[in-house]
Each structure stands twice: as structure tokens, then as C-alpha cells.
Amino acid sequence: MTMILPHIEKMPGYVEGVMPSAGTKAIRLNLNESPYPPSPHVQSALQEIGEEVLRRYPDSRCEQLRAELAAKYGVKAEQTFCANGSSEIISLIMKVFVGPEGKIALPDPSFPLYHSVAAGYQAKCIAVPTREDFSIDVDKLRETGAQAVVVVNPNAPTGLMLAKTELIRLLESMDGLVIVDEAYMDFADSDESVISLVDQYPNLLVLRTFSKSYGLCGVRVGYGFADERLITALEKAKDVYNVDAIARHLALAALRDQSYMKETTGRIKRTRAVFSKQLESLGFSVIPSQTNFILCQPPAKAEGQSARELYEKLMEQGIYVRYYQLPRLADMLRITVGTEAEMEEVYAALSRMIE
Ligand SMILES: *Cc1c(COP(=O)(O)O)cnc(C)c1O
């Protein structure tokens, strides 16, 4: 008896960025984490947690956090959903809207987690190539005939934004579900969010997370917005207590400190601009980023300076960036934007390698 279902046995599983071992000095720029601590209000909220919060079941619908998210985005609480990271919502999408032998379409390149999660639910995830310049062709997504399509906006790992008008065109022309994953929208220069459209389009589901712009990767809270009918379906299918009592308490504290989130994302955006210029001065091609990471292509003239070699040499110096062994990304690096000081170190290290 193998005990393990064949589709699980076969699936490759999600490959995350290399984690430097605990205690080693490392500049970690491969997981798109924030280089800044979360709001100081989050630390205070953590201190406030009393024994009763630990002993009682939390309310399964996460009412308070939902209500405050709904108020911030001008939608109804019934159109709002909270989860154990937005990754849980990605799993629920497969479980609730796609299913075994169902089809979901996603641009390529984009966030690889959709592929591994789909495989776990025996769903077919169709990769739709982006154009030469990595821009997303929404018509090609629709033409797959998939019952659900995903647009990560701005996209990962490219950092490119798709205009809201293009998403509206997709929503107008699709009967099926349109998922817009806005994990990085808080880092964008112009707000192309489609959250305000959930009233108008019953086939729209928007995903967000506290991981990136609020600096709470470790706490695991994601959220989503959609028509009430879709939210009710997600509520039925989720784990009953999917957002733990501590996590929701901390997320709430982070949400209430918008000025801190704007300040830290603002700093990251300024560092992104400076570091992009520095990369260009070294001869890199840089895709203009609307996120907290930069996809770039090294000049690759001399031996020992390919993306892969630079990735390995940086790692030897304790600088972790992301390298994808994939056809369209094999000559590129994805570098998360850290603090000013960290990026100066990366620039210095790359300058030595490129010279
Ligand atoms: C990081 C990321 C997520 C997952 O976020 P969690 O809330 O930490 O699960 C979802 N989508 C994209 C595109 C991401 O980059």
C-alpha cells in the first residue's frame, strides 16, 4: 500500500527561497519580506494578550477585523473574508471554485504557488505566456476557456502593473471567476486596485495580505473581497477557526496604524528608485517595479557574471536574492528591496563582481 494519493505523490510541491540558517549574518532579499519591523502598535498589542484570549475559541467569522477592513475599503463586511495568510485563500479557490479536473489560468511568469496548490486539488493550472516585455494579455487568459483566471497585480516576479481598465475589460468579457491578487498593491505608484468593483462584478475576487506591506509574514493573515455569494461559499469551506486569536489581534493593530504602513512602504519605494538607478549604472536591465522587489538582468558580458553565478556569489557573501531556473527568468535576478543600508551593501557587492 502506498497510502499516498497518486496526484500528491507526483506533485513537486512549492519551492521557497533559500533560508539562511538561524544565527548566521544574512541580508535576506529573497522572500519579499519587509526590512522594517511592524508598527509599534503591534508590539503593544502582543503585550496586551490576556489568558482569556488564549483559552477561548475566537469567533469563527473574524467579525472585528472584517468590519474594519470593510470600512477601510468602503465595502460591506459580508463582502470581506479573512484567512490564515492569503495562501489559504488560494487553497480555498481550488477547493471551492475550481475542483478536480477544473481549469484555472494564470500568466507566465507569475506567482508559482498557484501551480503547486492547484496540483494538490487535482485542478489544471494553465500557464499563459506574457508578451515579450512580460506584460499580461488578458484576451489570452480569457481564451483558455478556464473557469477561473488569476491576475497578480502588480505581478510577481516581474513587478509590473496591469491597468485597472484592462482588468475591467477582462471582468466584462468573462463569465467565470476573475481573481486579482493585490499582495503588492500598497507599493504601487498609482492605485489600480479593483476592490471597489466587487459591488459591480459578482465574478470578482480580490486578495490582499498583511505579510508584505504591513511586515507581518510570520503572523499569517490574508484577506479578500468579493460578492457576498462568493464569500459565503468561502466561509463554508474554510477551517472553522482559520485565523487564530493572536494573529487577528495583531493584524487589527497593524491595520489601525495606516500612517506607519504608508511611511514604511514610502521608504521602500524611495529605496527602490535609488537601487534601480544603481543597477542601471552597472549595466543591468531593470524592469520598472511597482512592488517591493526588482526583477533585473545583469549585463552578462564576461565569464562568471551570469545571473546564476551572481546569485551564488552573493549568497557566499551572505546576501540572499532569488534566482529562478525557468526558461524566461534564467538570466534574471529578483531582489527584494531592503533598507537603504542593505541595498548599499548589495550595490557594493555587485559593483565588485561586475567590474
Ligand atoms: C507573498 C504572496 C502571497 C502570500 O501571502 P501570505 O498572505 O503570506 O500567504 C500571495 N500572493 C502573492 C503574489 C505573494 O507574493
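All values reported here derive from a predicted model rather than from experimental measurement.

A. The arrangement of the sheet that holds strand β10 (residues 293–297) in detail. Read from one edge of the open sheet, three strands run β9-β10-β12, paired in antiparallel fashion. Looking at the sheet topology across the chains shown, the edges are occupied by β9 (285–286) and β12 (333–336). Inspection of the sheet shows β10 paired to β12 by four bridges, in the antiparallel sense. Bridge pairing in β12 places I294 opposite I335. Strands β9, β10 and β12 of the sheet are contacted by helix α11 (residues 258–281), whose axis makes an angle of about 10° with β10.

B. Quick look at the side chain of S211. Mapping S211 onto the fold places it in the loop between β7 (204–209) and β8 (222–226). With residues near it in sequence (within four places) discarded, S211 still touches L216, C217, R220 and V221.

C. Region of interest: a nonpolar patch on the surface. On the surface, a cluster of nonpolar side chains totalling about 620 Å² of accessible area is made up of M1, M3, I4, L5 and I8. Within the secondary structure, M3 is located in the segment before α1 (6–10).

D. Representation of the domain arrangement of the protein within the structure. Segmentation of the protein into domains returns domain 1 (19–37 + 259–354) and domain 2 (40–256). Each of domain 1 and domain 2 was reduced to a C-alpha centroid, and the two centroids are 26 Å apart. When domain 1 packs against domain 2, close to 2100 Å² is buried across both sides, 63% of that on carbon and sulfur atoms. Of all residues in domain 1, M261, Q290 and R328 bury the most surface against domain 2, accounting for 34% of the area lost on that side. Our enumeration of links across domain 1 and domain 2 arrives at one salt bridge. Between R272 and D189 there is a salt bridge; the shortest N-O distance is 3.2 Å. For the side of domain 1 that touches domain 2, the secondary structure elements donating two or more residues are α11 and β10. For the side of domain 1 that touches domain 2, the leading source of residues is α11, giving seven residues.

E. The arrangement of the side chain of R208 in detail. Its place among the elements puts R208 in strand β7. Reaching out from R208, the side chain makes a polar contact with the side chain of D186 at a distance of 3.4 Å. A distance of 3.4 Å separates polar atoms of two side chains, one belonging to R208 and the other to S193.

F. Structural context of the packing of helix α2 (residues 40–48) against helix α10 (residues 245–256). At a minimum axis separation of 8 Å, α2 and α10 run at an interaxial angle of 145°. For the crossing formed where α2 meets α10, the hand is right-handed. Every residue of α10 that contacts α2 at H41, V42, A45, L46 and E48 is listed here: I246, H249, L250, A253 and A254. Of the residues that constitute the contact of α2 with α10, the class distribution is seven nonpolar, two polar and one charged.

G. Geometry of α11. Over its 24 residues, α11 runs 35 Å from end to end, which matches the ideal 34 Å to within 8%, given 1.5 Å per residue. Downstream of α11 by one or two residues, G283 has phi in the positive range, about 95°.

H. Structural view of the site of the ligand. Taken together, G85, S86, S87, F111, V152, D181, A183, Y184, T209, S211, K212 and R220 make up the full set of residues adjacent to the ligand. In the environment of the ligand, an oxygen atom lies 2.7 Å from a nitrogen or oxygen atom belonging to the backbone of S86. Contacts to the ligand include T209, whose side-chain N or O atom sits 2.5 Å from an oxygen atom. Looking at the shell around the ligand residue by residue, the class counts come to four nonpolar, five polar and three charged.

I. Seen up close, the packing of helix α4 (residues 63–73) against α10. The geometry of α4 relative to α10 is characterised by a closest axis approach of 10 Å and an angle of 20° between their N-to-C directions. The angle between α4 and α10 falls in the class roughly parallel. Relative to α10, the crossing made by α4 is left-handed. Contacts between α4 and α10 involve Q64, L65, E68, L69 and K72 from the former and R248, A251, L252, L255 and R256 from the latter.

J. Examining the packing of aromatic side chains more closely. On inspection of all chains with the given rule, the structure shows nine aromatic pairs. Ring centres 4.5 Å apart and planes at 20° place the aromatic pair Y57 and Y241 in the stacked group. On the criterion of sequence distance, the pair formed by Y57 in the loop between α3 (51–55) and α4 and Y241 in the loop between α9 (228–237) and α10 is long-range, its members being 184 residues apart. For Y241, a relative accessible area of 39% gives the class partly exposed. An aromatic cluster is present here, built from Y73, F210, Y214, Y223 and F225 joined pairwise through their rings. Across from the ring centre of F293, 5.5 Å away, lies the NZ or CZ of R334, which sits over that ring.

K. Here's a closer look at the pairing of strand β3 (residues 103–108). In terms of strand pairing, β3 meets strand β4 (residues 124–129) through six bridges, oriented parallel. Residue pairing in the sheet places A105 in a bridge with I126 of β4. As for the winding sense of the linkage, the β-α-β connection from β3 through helix α6 (residues 113–120) to β4 is right-handed.

L. Region of interest: the environment of L113. Note that L113 resides in helix α6. Once the C-alpha coordinates of L113 and D257 are considered, the two residues, 144 residues apart in sequence, prove to be 30 Å apart. Leaving out residues up to four positions away in the same chain, L113 has contacts with Y14, S87 and I90.

What counts, and where the lines are drawn
- Residues numbered from 1 in each chain as written.
- Predicted model: local features only at pLDDT ≥ 70, side-chain atom pairs only at ≥ 80, totals over all residues.
- Heavy atoms only, no water.
- Pairing = 2+ DSSP bridges.
- Helix = DSSP H or I, 4+ residues; strand = E, 2+ residues; numbered from the N terminus.
- Contact = heavy atoms within 4.5 Å.
- Axes fitted to C-alpha atoms, helices over the stretch in contact; angles between N-to-C directions.
- Patch = residues over 30% accessible without salt bridge, like charges linked within 9 Å, V, L, I, M, F, W, Y side chains within 5 Å.
- Areas by Shrake-Rupley, 256 points an atom, 1.4 Å probe, with all protein chains shown as cover.
- Salt bridge = Lys/Arg side-chain N within 4 Å of Asp/Glu carboxyl O.
- Domains from an automatic or database assignment.
- Buried area = accessible area lost by both parts, 1.4 Å probe.
- Polar contact = N/O pair within 3.5 Å; in protein donor to acceptor, adjacent residues only side chain to side chain.
- Left-handed = near helix turned anticlockwise from the far one by under 90°.
- Nonpolar A, V, L, I, M, F, W, Y, C, P; charged D, E, K, R; others polar.
- Expected span 1.5 Å × (residues − 1).
- Near = heavy atom within 4 Å.
- Parallel < 35°, antiparallel > 145°, perpendicular 65-115°, else oblique.
- Phe/Tyr/Trp six-rings, centres within 6.5 Å; stacked < 30°, edge-to-face > 60°.
- Buried < 20%, exposed > 50% of the residue type's maximum accessible area, 1.4 Å probe, protein only.
- Lys NZ or Arg CZ within 6 Å of the ring centre and 35° of its normal.
- Right-handed = clockwise from strand over helix to strand, strands pointing away.

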